[in-house]
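Topology and contacts: notes
The chain contents come next:
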Amino acid sequence: ISLRPADAGRGGFELLLQNSAKSRSHQVTLESRLLFAHARVAEINLLGEIVREIPLQGDSFTTELAANAIQKVLIWRSPGD
């Protein structure tokens, strides 16, 4: 749904994904050399806490979106990257 700068403390970006299907989950793969090169990706909760780190495969990642759900994803680079 959206991509916006993350809070100043962590930096990076927050990506908001939505699955509007009411009864089934969907697996999505997102690819971007610009956003994901040398980055780390994690699912975060509404408080911005990391729920799980999502492994990158090159310049892409795959995640499962639950039925009728919104998922927040944090994209950031470690210092020195």
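Structure report, in brief. Here the structure is a predicted model, which means the values were calculated and not measured.

**So, unusual backbone geometry**
Among all residues save glycine, negative phi is the norm, and among peptide bonds the norm is trans. Positioned with a positive phi, histidine 38 is a non-glycine residue whose angle comes to about 60°. With respect to the helices and strands, histidine 38 occurs in the loop between α1 (33-36) and β4 (40-44). Of note in this structure, asparagine 68 is not a glycine but carries a positive phi near 50°.

**Remarks on the pattern of salt bridges**
Evaluated as defined, the whole model comprises 5 salt bridges. For lysine 72, the salt bridge goes to glutamate 14, with nearest N and O atoms at 3.4 Å. With lysine 72 in strand β7 (residues 69-76) and glutamate 14 in strand β2 (residues 13-19), this pair connects stretches of sequence that are 58 residues apart. Here the two residues lysine 72 and glutamate 14 agree in accessibility, since each one is buried. Note that arginine 52 is salt-bridged to glutamate 43, the shortest N-O span being 2.9 Å.

**Structural notes on the environment of asparagine 19**
Following the sequence through the fold, asparagine 19 ends up in strand β2. When the C-alpha positions of asparagine 19 and isoleucine 70 are compared, they lie 6.4 Å apart, and in sequence the two are 51 residues distant. Contact partners of asparagine 19, with chain neighbours within four places excluded, come to Arg24, Ser25, His26, Leu65, Ala66, Ala67, Asn68 and Ala69. For asparagine 19, the side chain forms a polar contact with the main-chain nitrogen of alanine 21, separated by 2.9 Å.

**Topic: the sheet that holds β2**
Sheet architecture is open: 5 strands sit in the order β1-β2-β7-β4-β5, paired in antiparallel fashion. The sheet is open, and its two edges are formed by β1 (2-5) and β5 (50-54), each paired on a single side. Pairs of neighbouring strands in the sheet enclose a mean axial angle of 25°, with direction left out of account. Bridge count between β4 and β5: 4 bridges; the pairing is antiparallel. Opposite alanine 42, over in β5, you have glutamate 53 as the bridge partner.

**A few points about the environment of leucine 35**
Residue placement: leucine 35 occurs in helix α1. For the pair leucine 35 and glutamine 57, spaced 22 residues apart in the sequence, the C-alpha separation amounts to 13 Å. Residues contacting leucine 35, with those up to four places away along its chain left out, are Leu3, Phe13, Ile75 and Arg77.

Definitions and limits used
- Residues numbered from 1 in each chain as written.
- Predicted model: local features only at pLDDT ≥ 70, side-chain atom pairs only at ≥ 80, totals over all residues.
- Heavy atoms only, no water.
- Helix = DSSP H or I, 4+ residues; strand = E, 2+ residues; numbered from the N terminus.
- Salt bridge = Lys/Arg side-chain N within 4 Å of Asp/Glu carboxyl O.
- Buried < 20%, exposed > 50% of the residue type's maximum accessible area, 1.4 Å probe, protein only.
- Contact = heavy atoms within 4.5 Å.
- Polar contact = N/O pair within 3.5 Å; in protein donor to acceptor, adjacent residues only side chain to side chain.
- Pairing = 2+ DSSP bridges.
- Axes fitted to C-alpha atoms, helices over the stretch in contact; angles between N-to-C directions.

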